[in-house]
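Here are the chains, one letter per residue:
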Amino acid sequence: MSIMKSVILMTSRTVGKLVHLTANLCHCCHRWTSSSTTATVFLVFVIFVYLTFEIRFRHLSDQNRRLTSYDDKDTVVIYNRVPKTGSTSFTGLAYDLCDKNGFNVLHLNTSKNSHMMSLTDQLRFARNVSQWRERHPALIHGHIAYIDFGRLGVNQVKPIYINLIRKPLDRLVSYYYFLRNGDNFRPYVVRRRQGDKRTFDECVQHGEHDCNPENMWLQIPFFCGHIFECWIPGNEWALAEAKRNLVDKYLIVGQTEQMHDFVAVLEVALPKFFAGARRLYESGPKSHLRKTYNKLEPSAETVAKIRESRVWQMENDFYEFAVKQFKFIRQRTLITIDDQLVGKEQQFFFEKIRPKR
């Protein structure tokens, strides 16, 4: 129950009781004396008690409103998007909402599409994000590994990280065919492997580079960050670090397979950015903005072979960990009313606040 509803309910109950008490007192007064003086005194007393309660509740409500309000004009959200996880569809929502909701969207483009920055570029990026207040509030997106602003000594603005991840083999298969066939988002772009007609199954059978399981090692390093061990395929420390960062450094990490719920959580958690996102996602063309051409599902034999690899097992471990964390957040953030996901109302408030002001 929200603070305002609590105050209204408590005040209405108080008024009801006081009105009932007033009626009884006035009835008694008229029985005790023919004069209206006693009744007037009691009525004044009741009004005084009511006003005291009303002032107290309103003061409490105002204090709670101030304590729970948040100035989001300097908020910066960083979406360090993992390739082939539906990120184009998601950022499309942000571009459609930015003007209406009053925030800025910036695409971070790195040389040669590198997923890592030099130390000097990390410092430049962190300082730019913090100091470029003309573009706050901002949502910054790009294919870049996690950057720890605190480690760089930049604390003026602490960005909110969000992300999406996907089942690791599905992501690899999508990328394999994307390199060969492109997609409907930019159909005229010539891709690096265009003309190569071999299927993913054939690639696995011949042990070629593009379907090597080590190519799945991407979601873990994206969350692990700019540390050399993060980028060593199969590194146990990298997996543990990625999990720690997912829990400690990210507001929320959704899954491509549950993007609708991801959008719904963001709409209630960050309304400054995502108010109206769920309806836009459901009714607009953004739910599947980018579709890879001629993508074939791998055979059961291929899937079984890939799953034998250590890299798939670790990437899948990370994916399943993210799924459980997202489910945990979703259950405590959203409820279903009339088949619609809506945010739960505020379920806390402050009281016994001292010293009084």
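Just above sits the structure.
Residues numbered from 1 in each chain as written. Predicted model: local features only at pLDDT ≥ 70, side-chain atom pairs only at ≥ 80, totals over all residues. Heavy atoms only, no water.

Caption draft 1: Quick look at the environment of Gln-340. With respect to the element layout, Gln-340 can be found in strand 7 (residues 340-343). Given a relative accessible area of 33%, Gln-340 falls into the partly exposed group. Separated by 76 residues in the primary sequence, Gln-340 and Ala-264 have C-alpha atoms spaced 9.7 Å apart. In contact with Gln-340, other than residues within four places in its own chain, are Arg-278, Glu-282 and Ile-335. (Helix = DSSP H or I, 4+ residues; strand = E, 2+ residues; numbered from the N terminus. Buried < 20%, exposed > 50% of the residue type's maximum accessible area, 1.4 Å probe, protein only. Contact = heavy atoms within 4.5 Å.)

Caption draft 2: Examining the packing of helix 9 (residues 259-269) against helix 13 (residues 310-333) more closely. Where helix 9 contacts helix 13, the two axes come as close as 11 Å, and the packing angle between them is 50°. Taken together, the axes of helix 9 and helix 13 are oblique relative to one another. The crossing of helix 9 and helix 13 is left-handed. Contacts between helix 9 and helix 13 involve Asp-261, Phe-262, Val-265 and Val-268 from the first element and Phe-326, Ile-329, Arg-330 and Thr-333 from the second. Split by residue class, the contact of helix 9 with helix 13 holds 5 nonpolar, 1 polar and 2 charged. (Axes fitted to C-alpha atoms, helices over the stretch in contact; angles between N-to-C directions. Parallel < 35°, antiparallel > 145°, perpendicular 65-115°, else oblique. Left-handed = near helix turned anticlockwise from the far one by under 90°. Nonpolar A, V, L, I, M, F, W, Y, C, P; charged D, E, K, R; others polar.)

Caption draft 3: Expanded view of the nonpolar core. Membership of the largest hydrophobic core comes to 52 residues, with the highest contact counts inside it found for Phe-125, Phe-149, Phe-200 and Phe-223. Contact partners of Phe-200, with chain neighbours within four places excluded, come to Leu-169, Leu-172, Val-173, Tyr-176, Tyr-177, Cys-211, Pro-298 and Thr-302. Judged by nonpolar contacts, the second largest core, of 28 residues, contains Val-105, Leu-266, Phe-274 and Phe-326. (Core = buried A, V, L, I, M, F, W, Y, C linked by side-chain atoms within 4.5 Å.)

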